[in-house]
Amino acid sequence: MAGWLGELELAYGWQQEQTIAYRTYASAPLKLQRSFYPEGGRVCHNVLLHTAGGYVGGDRLRQTITLDPHCHALITTAAAAKVYGRAQSPVEQQIHCTIGAGASLEWLPQETILFHGAQYHHHLHIDLAPTAHVCLWEMTRFGRTARGEAFLAGHWRSRTDVWQAGVPLWIDRQYLEGTPLWLASRNGLAECTLVGTLAWIGAAISPEQVMALRELGSDLQGERGVSRLIQGVVCRYRGHSTAELRRWFIAAWQLLRHHLHPDHPPCQPRVWPL
């Protein structure tokens, strides 16, 4: 059975000191809500919807996002993404972002929940112009743990590439099989049910800011780590609590935003749980 072939084409331009989404084409099951400006015209907020309620095997989703020079956009999703199990073929999602000089993209979707038996391939490719920045995060839960389900079949593959002027700044590959061995292994989930990655790429981060990010996560019950890159920083989490992970990532995002855009205090999208 064939799945959805959904597409999104989203392009931002800089007009009269405001970021404007001038290209907003979407085909089912993807849908884009109208733009919001809770921070003023400089930063455009958009919420992406998946109208089918969840991903099934065979779904193919393609998203193309372009920011012209000097634009600033924050994109999130309306709810957690659910990837259903018992699939004969994987769900594939490909996102390609092109960010112009001096522009900034914040790609901050809500978490993805992989049902037992789900097969999910996610590829995020980002091309940064000089002086452009990107902040992105990914939060993935393995199994519907609230109802006692474990991720004991299926697989998850995540690939993120960030390039700037033809030079790779950050290449990240993650893969997990839904087997008891992978769930228990220290190189896998180590009995955890949730992993998360936050990265801010395109600007140098000081050792003091890395220490501040670590201090923000000092009270976490789950495992966490912060690594400084040549042009950015990466935060990792492995644990059980979505609320805990979300709290740390939001605090880290706010700290980094204040550093890189001190004239635009961050405003949380209204669709995020309180």
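For the structure itself, look to the data block above.
Residues numbered from 1 in each chain as written. Predicted model: local features only at pLDDT ≥ 70, side-chain atom pairs only at ≥ 80, totals over all residues. Heavy atoms only, no water.

1. With respect to the nonpolar core
Moving on, step 1. With 45 residues, the main nonpolar core has Tyr12, Ile65, Leu67, Ile99, Ile126, Val134 and Leu136 as its most contacted residues.
Moving on, step 2. The residues touching Ile99, leaving out its near neighbours within four places in the chain, are Leu67, Ser104, Leu105, Ile126, Asp127, Leu128, Ala129, Ala132, His133 and Val134.
Moving on, step 3. Counting residues in hydrophobic clusters, the runner-up holds 26 residues, among them Leu194, Leu220, Leu245 and Leu260. (Core = buried A, V, L, I, M, F, W, Y, C linked by side-chain atoms within 4.5 Å. Buried < 20%, exposed > 50% of the residue type's maximum accessible area, 1.4 Å probe, protein only. Contact = heavy atoms within 4.5 Å.)

2. Things to note about the pairing of strand S4 (residues 44-50)
Moving on, step 1. Of all seven residues in S4, five are buried, a share of seventy percent or more.
Moving on, step 2. Two strands pair when backbone bridges link them, and strand S3 (residues 30-32) and S4 are joined in this way by three bridges, in the antiparallel orientation. Bridging from a neighbouring strand, Leu32 pairs with Leu48 of S4.
Moving on, step 3. Relative to strand S6 (residues 72-77), S4 runs parallel, the two being bridged by five bridges. Note on S6: the bridge partner recorded for Val47 is Thr76. (Helix = DSSP H or I, 4+ residues; strand = E, 2+ residues; numbered from the N terminus. Pairing = 2+ DSSP bridges.)

3. Section: helix H2 (residues 207-216)
Moving on, step 1. Every buried residue of H2 is accounted for by Gln209, Val210 and Leu213. Looking straight down H2, one finds its buried side chains confined to an arc of 105 degrees; they lie on one side. Seen from the open side of H2, the exposed residues pointing more than 90 degrees away from its buried face are Glu208 and Glu215.
Moving on, step 2. Close packing links the buried residues of H2 with strand S16 (223-229), strand S17 (232-239) and helix H3 (242-260). (Arc of directions from axis to C-beta.)

4. Brief notes about the pattern of salt bridges
Moving on, step 1. Throughout the structure, instances matching the rule amount to eleven salt bridges.
Moving on, step 2. With a closest N to O distance of 3.6 Å, Glu92 and Arg60 form a salt bridge. Residue Glu92 is found in strand S8 (residues 91-99), and its partner Arg60 is found in strand S5 (residues 60-67); the two are separated by 32 residues along the sequence.
Moving on, step 3. For Glu111, the salt bridge is made with Arg246, and the minimal N-O distance between the two is 2.6 Å. (Salt bridge = Lys/Arg side-chain N within 4 Å of Asp/Glu carboxyl O.)

5. Overview of the state of the cysteines
Moving on, step 1. One pass over the full model with this rule turns up zero disulfides.
Moving on, step 2. Of the cysteine sulfurs around Cys135, a residue in no disulfide, the closest is that of Cys235, at 8.9 Å.
Moving on, step 3. Sulfur of Cys267: no disulfide; nearest cysteine sulfur belongs to Cys44 and is 13 Å away. (Disulfide = S-S within 2.5 Å.)

6. Re the side chain of Gln63
Moving on, step 1. When you line up the elements, Gln63 lands in strand S5.
Moving on, step 2. Taking relative accessible area as the criterion, Gln63 reaches 2% and is therefore assigned buried.

7. Re the sheet that holds strand S1 (residues 5-15)
Moving on, step 1. Read across the open sheet, the seven strands follow the order S2-S1-S5-S8-S11-S13-S14; overall the sheet is mixed. One side of each edge strand has no neighbouring strand; the edge strands of this open sheet are strand S2 (18-26) and strand S14 (167-177). Strand-to-strand twist across the sheet, computed as the mean angle between neighbouring axes with direction ignored, equals 10 degrees.
Moving on, step 2. Bridging between S1 and S5 involves eight bridges; their strand directions are parallel. Considered in S5, the bridge of Leu8 is made with Gln63. (Axes fitted to C-alpha atoms, helices over the stretch in contact; angles between N-to-C directions.)

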